[in-house]
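# Residue-level structure breakdown
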Amino acid sequence: MWSSSDFRTTIFRALLASAACCLSILAFLGISREPVGIQASTAQSSRDANVVLITLDTTRADHLSCYSAHGAKTPHLDALAARGVRFTHATAQVPLTLPSHACIMTGTYPPVNGLRDMGGFILENNHPTVASIARAAGFETAAFVGSRVLSKHFGLSNGFATYDDDMSGQTVEGLPGVFPERRASVVTDRALQWLKKNGGRKFFLWAHYYDPHAPYNPPEPYKRTYAHDLYSGEIANMDEQVGRLLDGISRAGLAGRTLIIVIGDHGESLGEHGEMTHGVFLYDSTLHVPLIVAGPEVHAGKVVENQVRSIDLMPTISEFLHLSPGAEAQGVSLWPLLRGERPIQPSYAYLETLYPRTYMGWSELRAMRTDEWKLIVAPEPELYSLKSDPKETDNVISRFPAVAKTLENKVWEVAGSGAKHERVLTSPIDPDTRQLLQSLGYASPGTTRKIQLGASGPDPKDRAPILKVLAHVEDLLNAKQYPAAAQAMKPGLKLDPANPLGHLYLAIAFERTGEFERAVHVYEEAIQMNARTDQVYARLGKDELRLQHLDKAVSAMARAAGINPTDLDNLRNLGTAYLQLGRVEDAEKAFKAIIVQNDHYAAAWNGLGLVAVQREDADSARRNFEKALEFGPDEIEPLLNLGVLYQKAGKCPEAVRYLQRFLRKASQSQYGHLFPDVREAIRGCSGH
């Protein structure tokens, strides 16, 4: 969506007919869309069977009815547990979606796979995944993810012949950490469509359901049924869609040779320990997840009490398929438990979160969990006896120093000897994408950021009051009570003046009431306090664009793109600003940088169409606008642009068709100033 009505009017009147031809952007850049990082074919004799991995985002174990009487009713997952094995103490390694899935897919802890946090980190292709190993052995592989948080940019697509992360190129003006998503029903639809075509061959299929992630907004009838517990309503709706997928597998006759694994990627605090959502703390409320396994050779109706880990899934799937997980895997196969043979010992689970450091400016946390104990390494360490204190409310470290010391040694054994003062380097893009962006003229795409870890920084548990303020402000913003949100955030920032998230929330409250100058002031203040994140620069640039401070907008958004070129919405806004400044070549680079990373991003093709208009290349403009509509059927502006192109070319029937579609779909608030010109163009065509 272009930010300036004046610019829309200018472009509208500048569309000219011309004849030229243009290669597609991908062909021009010589980009291959063949998967990279796939292992060479293996000589192993793989099993003629299938695996379906289902990950439930933000799902606490105690909110499934097969685990607890409280929470959601989950009849389909309950039935799966009844015909398989339910693990009562499965733990995730990280309370965040992206790094947790990297652990699941690689069977490794974050210090090994390198994907340490949300944003700024990727999983490089030299780390084998369960998908890359399966594909090398001849399996069809496909993934269908429910949120842009798992975009292929972050490397989880390694090994997947199909990686469906398409969110239709749309953005949402949401809160930080809230990503564009699609309903569980869409994920299931896409997965079932793929199964119809590929179910006759052995396959590995991953379906990711994002619905329980905040903000909670389940569809009916779950919104009504769970009106007082919308989080559980999201889980109940997700269960229905998981049931559809499982039913599709059964109806296709695949159940007898398909291993089904369902696991949560992390939980949700729901107010425990002062945290409403997840990411900051390492308590079981955000790390205790459901795990259910059913299929060939799995004992029906069995319940396993041993602690198991998300890193154990990759070796488990590999053993089932008669494949090696590779030397890097740190997890162990769960088949001794699934077959009821013997327990797995010892059972240590390493946990970490860098989120408090990277997003809040506080100390990171690490932990070691066993069946009985959990040690959290923090500025003020914590030790909990899980058998007697499952809610982790009584810190007993002073009474059991020997236990704490043993577990601390285990933490540093996993994290590495130098981890106490580790310097982590962010890497927002993979080397191949970096090279492609550099070929477009980006001298230093993806600026490396150094994050110094260590014991310094506030203890997150001492910052629980600001967490409560942030949660309250989130609720106000989601309820569209923007003045109240700003009023609540101002004293909150006094509690933690350098908190980047607090500055973002205050600025967003101002943006929602149209007070863009005040928002700009907040972002500038955040930058002065060293909260120099790509989000801060990107949002600052967008507000400067709204204020028509074009040079300032370009400066801020270019800075954001340099830090994180995978923020495609920022690149789109940057291209818009360049067009308004008449910097056509720079605009083209920005839109091409989007296409390099997502060739289905509709607004980028629309932008390239406008670039062609500025060059009086009507044929290329038409092709690009048509691509925009192909990839974004709900896009508005390509309709207008195509209508005017056809009008200028004297092709009135086509022009009228597109212009009338524009009038039917365009909103008065955004495009009303163009309606008179469009109607006049239609009348002019009708007179021919």
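These remarks concern the structure in this document. The shown structure was predicted, so the numbers you read here are calculated from the model rather than taken from an experiment.

What follows concerns the overall build of the protein chain. Scanning the protein chain from terminus to terminus reveals 29 helices and 14 strands. A total of 688 residues make up the protein chain; the buried ones form 59% of that total. Sequence separation of at least 24 residues holds for 67% of the intrachain contacts in the protein chain that already meet a minimum separation of 6. Counting every atom, the protein chain has about 26500 Å² of accessible surface; 50% of that belongs to carbon and sulfur.

The next thing to look at is unusual backbone geometry. Geometrically, the link from alanine 214 to proline 215 is a cis peptide bond, its omega value of 0 degrees lying close to zero. In this fold, proline 215 is placed in the loop between β5 (203-209) and α8 (222-225). Glutamate 220 connects to proline 221 through a cis peptide bond whose omega is 5 degrees. On the secondary structure map, proline 221 appears in the loop between β5 and α8. Phi at threonine 58 takes a positive value of approximately 55 degrees, unusual for a residue other than glycine. Assignment of secondary structure puts threonine 58 in the loop between β1 (50-56) and α3 (75-82). For glutamate 616, which is not glycine, the phi torsion reads 60 degrees and is therefore positive. Assignment of secondary structure puts glutamate 616 in the loop between α24 (602-614) and α25 (618-631).

Looking now at the pairing of strand β11 (residues 373-377). Burial runs high along β11: 5 of the 5 residues are buried. Residue alternation in β11 divides its side chains into two sets, Trp373, Leu375 and Val377 and Lys374 and Ile376, and both sets are buried. Judged from the 4 bridges that link them, strand β10 (residues 365-369) and β11 form a sheet pairing that is antiparallel. When the sheet's bridge partners are listed, methionine 368 is paired in β11 with leucine 375.

Okay, the sheet that holds strand β3 (residues 140-144) next. Read across the open sheet, the 8 strands follow the order β4-β3-β5-β1-β6-β7-β2-β8; overall the sheet is mixed. Whereas interior strands pair on both sides, the edge strands pair on one side only; in this sheet they are β4 (162-164) and β8 (302-309). Averaged over all adjacent pairs, the angle separating strand axes in this sheet is 15 degrees, with direction ignored. The sheet contact formed by β1 and strand β6 (residues 258-264) spans 7 bridges and is parallel. Within the sheet, the bridge partner assigned to leucine 53 lies in β6 and is isoleucine 261. Along the sheet, helix α7 (residues 184-198) contacts β3, β4 and β5; its crossing angle with β5, the most-contacted strand, is approximately 170 degrees.

We now examine the packing of helix α21 (residues 550-563) against helix α22 (residues 568-580). Packing of α21 against α22 leaves a shortest axis separation of 9 Å and a crossing angle of 150 degrees. As judged from the angle between their axes, α21 and α22 are roughly antiparallel. The two elements α21 and α22 meet at a crossing, and its hand is left-handed. Facing α21, whose interface residues are Leu550, Val554, Met557, Ala558, Ala560 and Ala561, α22 presents Asn570, Leu571, Asn573, Leu574, Ala577, Tyr578 and Gln580. For the contact of α21 with α22, the per-class residue count stands at 10 nonpolar, 3 polar and no charged.

Our next topic: the packing of helix α20 (residues 534-546) against α22. Each pair of packed helices can be described by the angle between their axes along with the distance between the axes. Put simply, α20 and α22 touch, their axes get as near as 10 Å, and they point 35 degrees apart. For the crossing formed where α20 meets α22, the hand is left-handed. Residues Ala538, Lys542 and Leu545 of α20 touch α22, and the partners they reach there are Asn570, Asn573, Thr576, Ala577 and Gln580. For the contact of α20 with α22, the per-class residue count stands at 3 nonpolar, 4 polar and 1 charged.

The rules behind each value
- Residues numbered from 1 in each chain as written.
- Predicted model: local features only at pLDDT ≥ 70, side-chain atom pairs only at ≥ 80, totals over all residues.
- Heavy atoms only, no water.
- Helix = DSSP H or I, 4+ residues; strand = E, 2+ residues; numbered from the N terminus.
- Buried < 20%, exposed > 50% of the residue type's maximum accessible area, 1.4 Å probe, protein only.
- Contact = heavy atoms within 4.5 Å.
- Areas by Shrake-Rupley, 256 points an atom, 1.4 Å probe, with all protein chains shown as cover.
- Pairing = 2+ DSSP bridges.
- Axes fitted to C-alpha atoms, helices over the stretch in contact; angles between N-to-C directions.
- Parallel < 35°, antiparallel > 145°, perpendicular 65-115°, else oblique.
- Left-handed = near helix turned anticlockwise from the far one by under 90°.
- Nonpolar A, V, L, I, M, F, W, Y, C, P; charged D, E, K, R; others polar.

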